[in-house]
Amino acid sequence: MWEPRNFRFLLVVYCLGLPLLIWELNFRPDDAGAPTGGSILPDVAVIDVDLYQGSADAEFALGYEAVLKGDLKAARRHYEAALDTGVKTNENLFYFYIETLVQLGEDQELIDKVVEQWRWNFPHSQREDPRESRNLGGAPLKGGPKPSDGIRAP
Amino acid sequence: MIRTGYIVDRRNDLIWFLGLPLFALAFALYSQFALSAVAIASIALWIEYPHHFVTFLRTYGLSDDWDRFKDRLIIGPIVIVGVTLGGLMYAPLTITLVMLLWRQQHFLMQLHGFTRIYDFKARTGDASIGKWDLALNWVLYLNMFLASPLFTRLWARNLTDFGIPINADTVRIVHQCSWAVTAAFAVGYVGHLLRGIKDGYAINPIKYLYLGLSYSMLYIVSWHTASVLVHAVANMIIHGIQYNVIVYWYLRRKFEKEENTTSWIARLVRPGNVVAFVALGVLYAVIYQLLRGGNLDEFGFGLFRFEYASIPALSLGPMSEQTAFELFASTLLFLPGLLHIYFDSFIWRVRETKVQGGL
């Protein structure tokens, strides 16, 4: 027997999503997620750098910022600091780090070792081998991933 | 004043409800050290999927549940699938966020549910302790969600994706407010507890030990590791395994009380059949994984790779992932055939009198 009151909980869950729906469909700016505070980093990365200095995400963001500023040596330092924290779930970190090493003309053995780590953690990645990439240590391609993509949902 | 009670019994609670958070923490840290990012998917496969299965086993397999919740069990899936598909097409951010928040609410409600069972079994707490415990779980879980680095990134990112401007100062204010509310509530909760004790209500220390261990584990993985892998592995282990345990014992005790020994679920949860219960959950996980075309590495925490190198001597190139998957799936399908061949090798010996008796 159909009892509308049995569906109260489901109704509450979806009703709570209504304001989000209305916002997403009507008020969400087209450039949502883009930097707003004068930084070249997305807002969420700026928050990371400000609040969680030394964390994997903060170091990753700083590495990305250094790439955008053309300072590949600094980028390498930050990417390595991020990897030293033991983070494994941020594919962009591995990928951008390899690109940076390639651009810096680093030792092939080191690059191959990092590629191996990337493949170990992301064996099914569809991305091209970063050793053949023309990117600059994570500088964004049009339509490509953003650095904030490295931050994933638990 | 103090009265202990257990969800299952002393030994089982020690293992599954008090010891498991510590094991989960240790395993998650080990994962961070020794396993690849694939470990998250493996834990989902071996623990998350079976814990979904036991829900279906109870809801669709137990006639009592089916009769009581029939409309929700039929209409609910239709609505949820419809809204989710519609959401993914027209409002992906909203549907993703709703799913994520609902999942977190589900985690906290399971923690709350176990605290309620502890009081129920020990007959402890005053009439309002259920509401106080619910509020306690909400406050502790929300504080973790709002103030921990791991979850801060998550909600901050979602807000920016929605185009809602925030900055580090806003986040700091949220953190401070969250901690202030948590501290104020903790004082209120302890006050309520002391008042209850003064009025002669007993408390169950095991409940608080369970809460303490569970939240300690969650807070540690959310604050000090800030690792998605560690958090996901630890959280899925305690949530999934404890759920499987409670469903197993719920079904077993229910059938024992009803003296029902004939239904297939009653046989499945009979003492001594726990391996069959677990095996069925695992079988569900394997089938689900194969049907959804999930990666094969996820079966083995990324430690085993289903890769087939080229064999130059035979002019064979490396096998594609799709071909490797098909090979694995077809091998799996052939397994019952292998069992048939093996069993037939010893069950049909005509020289044996027991076999002769059936001929």
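Residues numbered from 1 in each chain as written. Chains lettered and ligands numbered in written order. Predicted model: local features only at pLDDT ≥ 70, side-chain atom pairs only at ≥ 80, totals over all residues. Heavy atoms only, no water.

A. The arrangement of the overall build of chain A in detail. Helix and strand content of chain A: six helices and zero strands. Moving toward the C terminus, one meets the helices and strands of chain A in the order α-α-α-α-α-α. Out of the 154 residues in chain A, the part that is buried amounts to 46%. Expressed as a percentage of contacts within chain A between residues at least 6 apart in sequence, the contacts between residues at least 24 apart total 56%. Counting every atom, chain A has about 8400 Å² of accessible surface; 54% of that belongs to carbon and sulfur. (Helix = DSSP H or I, 4+ residues; strand = E, 2+ residues; numbered from the N terminus. Buried < 20%, exposed > 50% of the residue type's maximum accessible area, 1.4 Å probe, protein only. Contact = heavy atoms within 4.5 Å. Areas by Shrake-Rupley, 256 points an atom, 1.4 Å probe, with all protein chains shown as cover.)

B. Molecular detail of the interface of chain A and chain B. Each partner contributes to the interface: chain A provides 45 residues, whereas chain B provides 57 residues. Together, the buried faces of chain A and chain B total about 4300 Å²; carbon and sulfur atoms form 64% of this surface. Summed over the shared surface of chain A and chain B, the number is three salt bridges. Between chain A and chain B we count 17 residue pairs in polar contact (both at pLDDT 80 or more) in total. Those elements that place two or more of their residues in the side of chain A that touches chain B are α1 (8–27), α2 (43–51) and α6 (108–121) of chain A. Of the residues forming the side of chain A that touches chain B, the biggest block, 10 residues, is contributed by α1(A). (Buried area = accessible area lost by both parts, 1.4 Å probe. Salt bridge = Lys/Arg side-chain N within 4 Å of Asp/Glu carboxyl O. Polar contact = N/O pair within 3.5 Å; in protein donor to acceptor, adjacent residues only side chain to side chain.)

C. Inspection of the packing of aromatic side chains at higher detail. Applying the stated criterion to the full structure yields 31 aromatic pairs over all chains. Among the aromatic residues, ring-to-ring pairing joins Y49(B), F53(B), F56(B), Y60(B), W66(B), Y284(B) and Y288(B) into one connected group. Geometry around Y95(A) places R127(A) over its ring, the cationic atom sitting 4.1 Å from the centre. (Phe/Tyr/Trp six-rings, centres within 6.5 Å; stacked < 30°, edge-to-face > 60°. Lys NZ or Arg CZ within 6 Å of the ring centre and 35° of its normal.)

D. Expanded view of the side chain of S125(A). Residues and elements named next belong to chain A. Tracing the backbone shows S125 in the segment after α6. A residue is classified by how much of its surface remains accessible, and S125, at 17% relative accessible area, is buried. In terms of polar contacts, S125 uses its side chain to reach the side chain of E91, at 2.5 Å. Polar side-chain contacts of S125 include one of 3.3 Å to the backbone nitrogen of R127. If we ignore the near neighbours within four places in the chain, the residues touching S125 are E91, W118 and R119.

E. Broad picture of helix α4 (residues 92–122) of chain B. Compared with the 45 Å implied by 1.5 Å per residue over 31 residues, the 45 Å span of α4(B) between its first and last C-alpha is a close match. One or two steps after α4(B), the chain reaches R123(B), where phi turns positive at roughly 50 degrees. (Expected span 1.5 Å × (residues − 1).)

F. Examining helix α1 (residues 10–34) of chain B more closely. Residues and elements named next belong to chain B. Of all the bends found along α1, the most pronounced is centred on G19 and spans about 60 degrees, while P21, a proline, follows it within four residues. Regarding α1, the residues found buried are N12, D13, F17, L18, L20, P21, A24, L25, A28, S31 and Q32. Where the residues of α1 are buried, they touch α4, α8 (205–223) and α9 (228–258). Sitting at the head of α1, D9 places a side-chain oxygen 3.2 Å from the backbone nitrogen of R11. (Bend = angle between axes of the 7 residues up to and from the residue.)

G. How the structure looks around the pattern of salt bridges. Evaluated as defined, the whole model comprises 20 salt bridges over all chains. In this structure, R5(A) and E3(A) form a salt bridge, with 3.5 Å as the shortest nitrogen-oxygen distance. Between R103(B) and E48(B) there is a salt bridge, and its shortest N-O distance comes to 3.3 Å. With a gap of 55 residues between them, R103(B) in helix α4 and E48(B) in helix α2 (residues 38–61) connect regions that are remote in the sequence.

H. Expanded view of the packing of helix α3 (residues 56–68) of chain A against helix α5 (residues 91–103) of chain A. Residue and element names in this part refer to chain A. With their axes 11 Å apart at the nearest point, α3 and α5 run at an angle of 35 degrees to one another. When the axes of α3 and α5 are compared, the crossing they make is left-handed. Touching F60, Y64 and V67 of α3 are N92, L93, F96 and T100, all from α5. For the contact of α3 with α5, the per-class residue count stands at five nonpolar, two polar and no charged. (Axes fitted to C-alpha atoms, helices over the stretch in contact; angles between N-to-C directions. Left-handed = near helix turned anticlockwise from the far one by under 90°. Nonpolar A, V, L, I, M, F, W, Y, C, P; charged D, E, K, R; others polar.)

I. The arrangement of the environment of D84(A) in detail. Along the chain, the position of D84(A) falls in helix α4 (residues 72–84). Here D84(A) falls in the exposed class, since its relative accessible area comes to 68%.

J. View of the nonpolar core. F17(B), Y141(B), Y210(B), I237(B), L251(B) and F277(B) are the most contacted members of the largest nonpolar core, which totals 78 residues. Broken down by element, the residue count for this core peaks at 18 residues, all from α9(B). In this structure, I237(B) is in contact with L20(B), F23(B), A24(B), F27(B), I43(B), I47(B) and Q242(B), ignoring residues within four places of it in sequence. Counting residues in hydrophobic clusters, the runner-up holds 28 residues, among them A45(A), A82(A), I98(A) and V115(A). (Core = buried A, V, L, I, M, F, W, Y, C linked by side-chain atoms within 4.5 Å.)

So far we have only geometry, and geometry alone does not tell us how the molecule works.
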